[in-house]
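Structural features, examined
As a plain string of letters, each chain reads:
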Amino acid sequence: MGESIWEVTEEPGRYLAARLREGRTLLVSPHPDDVAYSCGGLLATVGRPAHAMLMTVFTRSAWALPKRLRRAGMRVISAQRRDEELRYCRLWGLADYQPLGFDDASLRGYDDEAEISSPADADDVRGAVEDAVATAVRASGANTVLAPAAVGDHIDHLLVHGAVRDAVPEGTLVLFYEDLPYAGQHEMTDIERTLRDERGLVPYADIDISRVVEQKVRGMYVYGSQTDDECVRETLRHARRTAAGPWTHAERADPVVGAATTHAERVWTPASTAEAW
């Protein structure tokens, strides 16, 4: 393959895309659809990663948008979600798919309010999730891990965020995407405050997805059991305001993102490790 271009210092967005094209990447998703919504534009920008695995943690669910599917029950819903994940992997040429098989919040007794207001430390499944994620991260051999920043405080996203932070070995680039559509329901200043002050993260790169927006949307609609037009609109609205600013951090993470950019995604990294990259 020749000299690895992702070892060359360049703008963070271009560096990241090049890194994913050549390296081993682990995409961590709390539920089926989170990667498509939150960093599907980055995947479309990359094109075909050299070796990327999609790992989804909470793959058993009783929730679905279509009422007929909801009436069919957990087994049917979970099977359809698995089919959607496999279709998404084929769409972007992802090499592997690993479902961890945990029950999502809808099966663990959380209602809509409780799932965004409950502490992750008190959830009985926390230890098992941490063990399973740690095992999967080690087995993946990934040099880049993308995982949820837990914007919106959904209990499942908080559990996965914490598990990844404890599991990623030194020397691995770990990045956290802004969870969508949840991020679209919060002000930009609130997102910044949460990720900086509560998560200890700093912006790593702004990725210009203007030319691949339609491809990202196509990937979102693969998840027909969960995606509707309103969700797509909310996700695209956040991408437009991410591209437009205003920004509360000192400068843009990627100078490539400028006035001509119409849609963007942003990823973050722990402040304690940012300088190493």
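These figures come from a predicted structure and were not determined experimentally. (Residues numbered from 1 in each chain as written. Predicted model: local features only at pLDDT ≥ 70, side-chain atom pairs only at ≥ 80, totals over all residues. Heavy atoms only, no water.)

Observations regarding empty space enclosed by the protein
Rolled over the atoms, a probe sized like a water molecule indicates the empty space that remains. Using the criterion set out here, one finds 1 cavity of 30 Å³ or more in the structure. The volume enclosed by the largest cavity comes to roughly 30 Å³. Together, Ser38, Glu178, Leu180, His238, Glu265 and Arg266 line the largest cavity. Of the residues that constitute the lining of the largest cavity, the class distribution is 1 nonpolar, 2 polar and 3 charged. (1 Å grid on protein atoms, 1.4 Å probe; cavity = no way out; pocket = protein on both sides within 12 Å on 5 of 7 lines; lining within 4 Å. Points joined across faces, edges and corners; volume = space filled by probe spheres on them. Nonpolar A, V, L, I, M, F, W, Y, C, P; charged D, E, K, R; others polar.)

Points about the layout of surface pockets
In this structure, the largest pocket spans a volume of roughly 770 Å³. Lining of the largest pocket is provided by 28 residues; of these, Trp63, Glu115, His154, Pro181 and Tyr182 occupy positions nearest its centre. The element contributing the most residues to the lining of the largest pocket is helix H9 (residues 229–244), with 3 residues. Among the residues forming the lining of the largest pocket, the class breakdown is 10 nonpolar, 8 polar and 10 charged. (Helix = DSSP H or I, 4+ residues; strand = E, 2+ residues; numbered from the N terminus.)

Things to note about the side chain of Ser29
Mapped onto the elements of the fold, Ser29 is located in strand S1 (residues 24–29). Overall, Ser29 belongs to the buried group, its relative accessible area being 1%. Here the side chain of Ser29 touches His31 through a polar contact of 2.5 Å, landing on its backbone oxygen. Here Ser29 is in contact with Asp34, Val35, Leu54, Met55, Thr56, Val57 and Tyr177, once residues within four sequence places are set aside. (Buried < 20%, exposed > 50% of the residue type's maximum accessible area, 1.4 Å probe, protein only. Polar contact = N/O pair within 3.5 Å; in protein donor to acceptor, adjacent residues only side chain to side chain. Contact = heavy atoms within 4.5 Å.)

What about the confidence of the model for the protein chain?
Taken as a whole, the protein chain shows an average pLDDT of 90; of its residues, 90% reach a score of 70 or greater. Predicted confidence is poor over residues 1–9, with pLDDT under 50, and the contacts of this stretch with residues over four places away or in other chains come to 13 contacts. Predicted confidence for residues 247–259 stays below pLDDT 50, and this span has 33 contacts to residues more than four positions away or in other chains. (pLDDT = per-residue confidence, 0-100.)

Remarks on the packing of helix H1 (residues 12–22) against helix H2 (residues 34–46)
The geometry of a pair of packed helices is captured by two quantities: the angle between their axes and the separation between those axes. Taken N-terminus to C-terminus, the directions of H1 and H2 make an angle of 70°; their axes are 9 Å apart at the nearest point. Relative to H2, the element H1 lies roughly perpendicular. Where H1 crosses over H2, the handedness of that crossing is right-handed. Contacts between H1 and H2 involve Leu16, Ala17, Leu20 and Arg21 on the former and, on the latter, Leu42, Thr45 and Val46. (Axes fitted to C-alpha atoms, helices over the stretch in contact; angles between N-to-C directions. Parallel < 35°, antiparallel > 145°, perpendicular 65-115°, else oblique. Left-handed = near helix turned anticlockwise from the far one by under 90°.)

As for the sheet that holds strand S6 (residues 201–208)
A sheet is described by the order of its strands in space; here 7 strands give the open sequence S3-S2-S1-S4-S5-S7-S6, paired in mixed fashion. Looking at strand neighbours, the two that pair on one side only are strand S3 (96–103) and S6, the edges of this open sheet. Ignoring which end each strand starts from, the neighbouring axes of this sheet average 25° apart. The pairing of S1 with strand S4 (residues 144–148) spans 3 bridges and is parallel. For Thr25, the partnering residue across the bridge sits in S4 and is Thr144. On top of the sheet, helix H5 (residues 126–140) reaches S1, strand S2 (51–60) and S3; it is set at about 170° to S3, its chief contact. The strands touched by helix H6 (residues 155–167) within the sheet are S1, S2, S4, strand S5 (173–177), S6 and strand S7 (264–270), with S4 carrying the most contacts at an inclination of about 155°. (Pairing = 2+ DSSP bridges.)

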